[in-house]
Protein chains: 2
Amino acid sequence: MNTVENSPLMRKLSAFVALSSKELAVLARLHQRRKSFVAGHDLVHQGQSDQAAYILASGWVCSYKLQPDGSRQIVDFQIPGDFLGLRSILLRTSDHSFEPVVDIQAVEVLASDLFDAFEQTPRLATAILWAASRDEAMVVEHLVGLGQRDAEARMAHFLLELGAKLVLVGLGSRDGYDCPLTQYHLADVLGLSAVHVNRVLRKLREDGLATFRNGRVTFDDFDRLAARAGFDPSYLDHTGPLLK
Amino acid sequence: MNTVENSPLMRKLSAFVALSSKELAVLARLHQRRKSFVAGHDLVHQGQSDQAAYILASGWVCSYKLQPDGSRQIVDFQIPGDFLGLRSILLRTSDHSFEPVVDIQAVEVLASDLFDAFEQTPRLATAILWAASRDEAMVVEHLVGLGQRDAEARMAHFLLELGAKLVLVGLGSRDGYDCPLTQYHLADVLGLSAVHVNRVLRKLREDGLATFRNGRVTFDDFDRLAARAGFDPSYLDHTGPLLK
DNA sequence: CGTACTTTTGAAAAGTATCAATAAACGTGG
DNA sequence: CCACGTTTATTGATACTTTTCAAAAGTACG
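If you check an unreviewed UniProt entry, chain A appears there as Crp/Fnr family transcriptional regulator from Thalassospira mesophila.

Listed below in structure tokens is the structure:
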């Protein structure tokens, strides 16, 4: 049922570029070796040297780095259709860890398979690199948020950005989305204490901007929330990859 | 004088992978179109849509994003041998700005030239992607710093990381390096106020860890500085790119 | 030498963390 | 289906970090 035709990755790429049947076939070949992982147990651990990446098929994952003092910073959340660990393939050793937030299904992609695919279909390679660049742009925006925004704007921005990502794969709307994260996840991604996260969420709720509750994010007033966040979605509004 | 044989990019890539004469020739072809830019005037401005990237030949550049409220977050500094705007080629529009910190020389690389080069020499493509991945790993480490480290550790870590980058291209040593940045640059990259940057620098100096003064960074006690920073250079210690 | 940028310092205000405690929600075996 | 332990959410009080505002001193350079 979850064939390549409706895999989230397919869906994401197809939203931006028309892929030929040959390219689809190569993409399909990458989608063998499906695996399941349970919530809370790392898929890949910081420092590990294997040469595999994953395509997330269902569920949520977070990528994070552990600090010597035990604190952790979540760098990004991956949702269905996202690649995990593309960078570790090139660097040969993973510089961060991946932990499933909930039980997930992912497709393992070996470095060799990926290189072969890239060689056979440069257009597919470009499309995937484009998606990776887009993810990188989001990491940069995250960095900007940590550096320049106060706690409330950070939270607002995060909720909006996540929503924008989910809309792309059909898991969210302008009203809100289902969200399996805990307030501890929010704390670790926003660089705040869990206590403060709770206060900030209360503020947003009481101000009628957004509600985070019972595994669901609701945008109570999208426009005011976006204004509070300084949310400028232009870094997401990319046209498709540049293809010959 | 600054031929391809001793261009900083060449130097950086050669430190990790042996390039054939054909690959060197392709790399040389990219090094035409050398341009000069003066300090303080953006090379590329946020939102601009051209399809060129640059290879920095001399001088320092910072890449930054401006916020709606006028504040800016510096994402990264580029030093000789670094690419500028590789991502904008794929995304077709730049999501951030580049400003020369001092007068610089850079080589303009058109998207088409780069794609051609990649097609002719996949190994060179891999080497460049590897370098890009390495830069991305540093951006992630920067993000972690903003999220988890206090001002002093952030500063210490930044000075050390910059030093590590400079050593690679022969512009720094374990003792320190010349550094044209102002305290405002440090404030914008570390997400601190300039006033606080000043205080933190004084603290590091008085504690005998590092001195930032008169355009020079001196490591007064490298080991204690690294300890204070929680500096773990493993994210830099990569072996070369994975090549077939 | 004057003007603009950069560095330095002080005092007060704002933002966020930490500690401590309670309440609510959830999963699981009895 | 309930009791219980565990995780998650919530709130208050206090301490600490960093910002903001204001001003002065140093520096570069036309």
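A.B. asks: Would you mind showing me how to read the domain arrangement of chain A here?
C.D. replies: The parts lose accessible area when they come together, and the size of an interface is often stated as this lost area. Residues and elements named next belong to chain A. By the assigned domains, chain A splits into domain 1 (4–138) and domain 2 (146–235). A straight line from the C-alpha centre of domain 1 to that of domain 2 covers 24 Å. Facing the 18 residues of domain 1 at the interface are 14 residues of domain 2. Residue contributions to the side of domain 1 that touches domain 2 peak at 4 residues, all from strand β4 (residues 72–78). A breakdown of the residues in the side of domain 1 that touches domain 2 according to their chemical character gives 13 nonpolar, 2 polar and 3 charged.

A.B. asks: Explain helix α9 (residues 222–229) of chain B here, please?
C.D. replies: Two residues of an α-helix separated by three or four positions point the same way, owing to the 3.6 residues in each turn. All names here are of chain B. Listed in full, the buried residues belonging to α9 are L225, R228 and A229. Mapping the buried residues of α9 onto a view down its axis gives an arc of 95 degrees, with all of them on the same face. In the core, the buried residues of α9 are packed alongside α6 (151–168), β9 (210–213) and β10 (216–219). The positive-phi residue at the C-terminal boundary of α9 is G230, with phi of around 65 degrees.

A.B. asks: What should I look at first to understand the UniProt feature "domain: HTH crp-type" (unreviewed entry) in chain A in this one?
C.D. replies: As annotated by UniProt and renumbered to match this structure, "domain: HTH crp-type" (unreviewed entry) occupies residues 149–223 of chain A. Taken end to end, residues 149–223 of chain A has its terminal C-alpha atoms 18 Å apart, with 55% of it in helix and 15% in strand.

A.B. asks: Could you clarify how one ought to interpret the protein's contact with DNA strand C in this entry?
C.D. replies: As a matter of local geometry, DNA strand C sits amid 14 residues, with A151(A), V195(A), H196(A), T182(B) and Q183(B) nearest to it. Secondary-structure elements contributing two or more residues to the surface near DNA strand C are α8 (194–206) of chain A together with α7 (183–190) and α8 (194–206) of chain B. The element contributing the most residues to the surface near DNA strand C is α8(B), with 5 residues.

A.B. asks: Mind showing me how you'd approach the protein's contact with DNA strand D here?
C.D. replies: Near DNA strand D there are 15 residues, and of these T182(A), Q183(A), D150(B), A151(B) and H196(B) occur at the shortest range. Contributions of two or more residues to the surface near DNA strand D are made by α7 (183–190) and α8 of chain A together with α8 of chain B. Among the elements that make up the surface near DNA strand D, the one with the highest residue count is α8(A) (6 residues). The class makeup of the residues in the surface near DNA strand D is 7 nonpolar, 5 polar and 3 charged.

A.B. asks: In this structure, what is going on with the UniProt feature "domain: Cyclic nucleotide-binding" (unreviewed entry) in chain A? I would like to understand it.
C.D. replies: According to UniProt, the positions carrying the feature "domain: Cyclic nucleotide-binding" (unreviewed entry) are residues 15–90 of chain A. Annotated as 20% helix and 34% strand, the span residues 15–90 of chain A places its first and last C-alpha atoms 27 Å apart.

A.B. asks: Is there a simple way to explain the sheet that holds strand β7 (residues 104–110) of chain A in this structure?
C.D. replies: Pairing between the strands of a sheet is mediated by backbone hydrogen bonds and can be parallel or antiparallel. All names here are of chain A. Ordered by their spatial adjacency, 4 strands build an open sheet running β1-β7-β2-β5, and the pairing between neighbours is antiparallel. The open sheet has two edge strands, β1 (34–37) and β5 (83–84), and neither has a second partner. The sheet strands contacting helix α4 (residues 111–120) are β2 (52–58) and β7, and the helix crosses β7 at an angle near 70 degrees.

A.B. asks: Looking at this model, I keep getting lost on the environment of D178(B). Mind explaining?
C.D. replies: All names here are of chain B. Note on placement: D178 falls in strand β8 (residues 176–178). For D178 and R33, which are 145 residues apart along the polypeptide, the C-alpha to C-alpha distance reads 28 Å. Not counting the four nearest positions on each side in its chain, D178 is found in contact with G215 and R216.

A.B. asks: It is not clear to me how α8(A) should be interpreted in this structure. Could you clarify?
C.D. replies: Residue and element names in this part refer to chain A. In a regular helix each residue adds 1.5 Å, so 13 residues correspond to 18 Å; α8 covers 18 Å between its end C-alpha atoms and thus fits that length. Where α8 is concerned, the buried positions are V197, V200 and L204. All buried residues of α8 fall inside an arc of 65 degrees around its axis, so they share one side. Relative to its buried face, α8 has exposed residues pointing more than 90 degrees away, namely V195, R202 and E206. Buried positions along α8 lie against α6 (151–168), α7 and β9 (210–213). One or two residues past the end of α8 sits G208, with phi positive at roughly 70 degrees.

A.B. asks: Which parts of the structure should I look at to understand the relation of the copies chain A and chain B?
C.D. replies: Each copy of the chain is related to the other by a rotation around an axis and a translation along that axis. When chain A is brought onto chain B, the operation consists of a screw motion whose angular component is 180 degrees and whose axial shift is 0.0 Å, with 0.0 Å RMSD remaining. Interpreted geometrically, this transformation is the action of a two-fold axis. Distance from the rotation axis, computed per C-alpha, reaches its smallest value in chain A at L143(A): 2.5 Å. A shared binding surface is used by both copies, with 100% of the interface residues of chain A retained as interface residues in chain B.

A.B. asks: Honestly, the packing of helix α5 (residues 122–148) of chain A against helix α5 (residues 122–148) of chain B in this entry has me stumped. Any pointers?
C.D. replies: Between two packed helices, the angle of one axis relative to the other and the distance separating the axes together describe the packing. At a minimum axis separation of 9 Å, α5(A) and α5(B) run at an interaxial angle of 25 degrees. On the basis of the axis angle, α5(A) is roughly parallel to α5(B). Here α5(A) runs over α5(B); the crossing is left-handed. Of the residues in α5(B), those touching α5(A) at E136(A), V139(A), V140(A), H142(A), L143(A), L146(A) and G147(A) are E136(B), V139(B), V140(B), H142(B), L143(B), L146(B) and G147(B). Considering only residue class, the contact of α5(A) with α5(B) consists of 8 nonpolar, 4 polar and 2 charged.

A.B. asks: Just to check I follow, could you spell out the environment of F37(A) for this structure?
C.D. replies: Residues and elements named next belong to chain A. Relative to the elements of secondary structure, F37 occurs in strand β1. For F37, a count of 20 C-beta atoms within 10 Å corresponds to the buried category. Linking F37 and A117, residues 80 residues apart in sequence, is a C-alpha distance of 25 Å. Setting aside its immediate chain neighbours within four residues, F37 contacts L43, P100, I104 and A106.

A.B. asks: Could you clarify how one ought to interpret the packing of α6(A) against helix α9 (residues 222–229) of chain A in this entry?
C.D. replies: Residue and element names in this part refer to chain A. It is the contact of α6 with α9, at a shortest axis distance of 8 Å, that shows an interaxial angle of 125 degrees. It follows that α6 is oblique to α9 by the angle criterion. The hand of the α6/α9 crossing is left-handed. Taking contact as the criterion, the partners of E152, A153, A156, H157 and L160 in α6 are, on α9, L225, A226, R228 and A229. A per-class count over the contact of α6 with α9 returns 6 nonpolar, 1 polar and 2 charged.

A.B. asks: How should the interface of chain A and chain B be read in this particular structure?
C.D. replies: Taken together, the contact pairs 39 residues of chain A with 40 residues of chain B. Secondary-structure elements contributing two or more residues to the side of chain A that touches chain B are β4, α3 (86–91), α4 and α5 of chain A. At 14 residues, α5(A) tops the list of elements feeding residues into the side of chain A that touches chain B.

Reading the values: the criteria
- Residues numbered from 1 in each chain as written.
- Chains lettered and ligands numbered in written order.
- Predicted model: local features only at pLDDT ≥ 70, side-chain atom pairs only at ≥ 80, totals over all residues.
- Domains from an automatic or database assignment.
- Contact = placed C-beta atoms within 7 Å.
- Helix = DSSP H or I, 4+ residues; strand = E, 2+ residues; numbered from the N terminus.
- Nonpolar A, V, L, I, M, F, W, Y, C, P; charged D, E, K, R; others polar.
- Buried ≥ 20, exposed ≤ 12 C-beta atoms within 10 Å, placed from the backbone.
- Arc of directions from axis to C-beta.
- UniProt positions renumbered as here; feature names shortened; annotations may be inferred.
- Near = placed C-beta within 6 Å.
- Pairing = 2+ DSSP bridges.
- Axes fitted to C-alpha atoms, helices over the stretch in contact; angles between N-to-C directions.
- Expected span 1.5 Å × (residues − 1).
- Least-squares fit on C-alpha atoms with pLDDT ≥ 70 in both.
- Parallel < 35°, antiparallel > 145°, perpendicular 65-115°, else oblique.
- Left-handed = near helix turned anticlockwise from the far one by under 90°.

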